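Given next are the chains, with one letter for each unit.
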Amino acid sequence: MELDNIDRKILTVLQRNNRLANVELAEEVGLSPPACHKRVKRLRDENIIVGDVSLLNPELTGNKLTLLVSVEMERDRKEIYDAFKRVINRSSEVKHCYQIIGNYDFVMVVVVPDMQAFEEFVDRVLHTDANIRKFQTSVSLRTVKTTTEIPLN
């Protein structure tokens, strides 16, 4: 699907605040409300917009510790990677997981309430996988920047 300038405006505005009423969104992007509604529906139907969420403050929900965990697998084999991805997708502590190229195979953002919860995650997920060669953990001191917005040029 090709995105025109109006689609890009709609997506930019919705990424900042998806709770805008259609009338407000239409006014901001310069469309009539019915035309705006039709475009948003098309963006959803075409899976350009894949979900709507509420972003929470992790510290206020009790999850005060953010860790970056790099994982190196024992071998470069698709079935090993796929098995690891299935386990990670079931692990609620993992907020982001990226398969990467470089010294490690995966890097994850893990958010937990405390170090004990992280140890439990390590024992349950990482220490039980015989295909993990090693992993390295870095502890975040503070969040400098976080965004879910994707720039649309």
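Calculation criteria
- Residues numbered from 1 in each chain as written.
- Predicted model: local features only at pLDDT ≥ 70, side-chain atom pairs only at ≥ 80, totals over all residues.
- Heavy atoms only, no water.
- Helix = DSSP H or I, 4+ residues; strand = E, 2+ residues; numbered from the N terminus.
- Salt bridge = Lys/Arg side-chain N within 4 Å of Asp/Glu carboxyl O.
- Buried < 20%, exposed > 50% of the residue type's maximum accessible area, 1.4 Å probe, protein only.
- Arc of directions from axis to C-beta.

Undergrad: Help me understand unusual backbone geometry, please; the structure alone is not making it clear to me.
TA: Leave glycine aside and you will find that most residues have negative phi; peptide bonds, for their part, are mostly trans. For N47, which is not glycine, the phi torsion reads 60 degrees and is therefore positive. Within the element layout of this structure, N47 appears in the loop between helix 3 (33-45) and strand 1 (65-73).

Undergrad: What am I meant to see in the pattern of salt bridges here?
TA: Side chains that differ in sign of charge can pair as their charged atoms come close. On inspection of all chains with the given rule, the structure shows 13 salt bridges. Taking the shortest distance from any N to any O, the salt bridge between E72 and K134 comes out at 3.8 Å. Of this pair, E72 sits in strand 1 while K134 sits in strand 4 (residues 132-139), and the two are 62 residues apart along the sequence. What makes E72 buried here is its relative accessible area of 14%. Judged by its relative accessible area of 42%, K134 is partly exposed. For K78, the salt bridge identified is with D82, shortest N-O distance 2.6 Å. Of this pair, K78 and D82 both sit in helix 4 (residues 78-89), separated by 4 residues, roughly a single helical turn. Three or more residues joined by partner-sharing salt bridges are found here, namely D4, D7, R39 and R42.

Undergrad: Looking at this structure, I do not really get helix 2 (residues 22-29). What am I missing?
TA: Given 3.6 residues per helical turn, the α-helix brings residues three or four places apart onto the same face. All of the buried residues in helix 2 are L25, A26 and V29. Angularly, the buried residues of helix 2 cover 100 degrees about the axis, an arc narrow enough to put them on a single face. Facing away from the buried surface of helix 2 by more than 90 degrees, the exposed residues are V23 and E27. Backbone geometry just after helix 2 places G30 at a positive phi near 80 degrees.

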